[in-house]
Amino acid sequence: MNEKMKKWGALTKTTNTLQEIAQEINPVIRGWINYYGTFYKTKMKEFMHLLNVKLEGWARRKYKRLRTGGMKTVRWLHQISMRRPKMFAHWELLNSKPTVGKSERYNGRLLRTVLTESQAAMPGFTY
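Residues numbered from 1 in each chain as written. Predicted model: local features only at pLDDT ≥ 70, side-chain atom pairs only at ≥ 80, totals over all residues. Heavy atoms only, no water.

Novice: Which residues make up the overall build of the protein chain, and what values go with them?
Specialist: Each helix and strand in the protein chain was counted, giving 5 helices and 0 strands. Going from N to C terminus, the protein chain has its helices and strands arranged as α-α-α-α-α. Long-range pairs, those at least 24 residues apart, make up 62% of the contacts in the protein chain between residues at least 6 apart in sequence. Carbon and sulfur atoms form 53% of the exposed surface of the protein chain, whose accessible area is close to 8300 Å². (Helix = DSSP H or I, 4+ residues; strand = E, 2+ residues; numbered from the N terminus. Contact = heavy atoms within 4.5 Å. Areas by Shrake-Rupley, 256 points an atom, 1.4 Å probe, with all protein chains shown as cover.)

Written out as structure tokens, the structure reads:
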């Protein structure tokens, strides 16, 4: 996956918008999520983080105000992911939290599992 990401021209051009990048790479990301997300969940977390790091690098090259601090870029990208969670396919995983039915609410073990699996933070973002 990393070799394929290195060849993406969309992440190297600063003339592209974030929307154009999303349109170009989303079909590939969806395919990877469908395949690796089923069998290799730990690899998917690494992949989502790596993809966000590559998006952060693109943003630092494009916008001068984001070049000064690393966390500034992370926050900027995280804010976009919260406003437009369906822009990138791997950002959509944030909204796919498991739900708990009425009969299952009081089962403490299940509730702990659901809360552990559904993290409030964006997958792939590290603070």
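Novice: How would you explain the nonpolar core if you had to name every residue and give the values?
Specialist: In this structure, L18, I29 and F88 are the most contacted members of the largest nonpolar core, which totals 26 residues. At the level of elements, α2 (18-39), α3 (41-62) and α4 (70-83) are the ones that each hand at least two residues to this core. What L18 contacts, discounting residues up to four positions off in sequence, is L55, W58, W76, L77, I80, M87 and F88. (Core = buried A, V, L, I, M, F, W, Y, C linked by side-chain atoms within 4.5 Å. Buried < 20%, exposed > 50% of the residue type's maximum accessible area, 1.4 Å probe, protein only.)

Novice: How would you explain the packing of α3 against α4 if you had to name every residue and give the values?
Specialist: Running from N to C, α3 and α4 point in directions that differ by 110°, and their axes come no closer than 10 Å. What the angle tells us is that α3 and α4 run roughly perpendicular. In this structure, α3 contributes N52, L55, E56, W58, A59 and R60 to the contact, and α4 contributes G70, T73, V74, W76 and L77. In terms of residue class, the contact of α3 with α4 is made up of 6 nonpolar, 3 polar and 2 charged. (Axes fitted to C-alpha atoms, helices over the stretch in contact; angles between N-to-C directions. Parallel < 35°, antiparallel > 145°, perpendicular 65-115°, else oblique. Nonpolar A, V, L, I, M, F, W, Y, C, P; charged D, E, K, R; others polar.)

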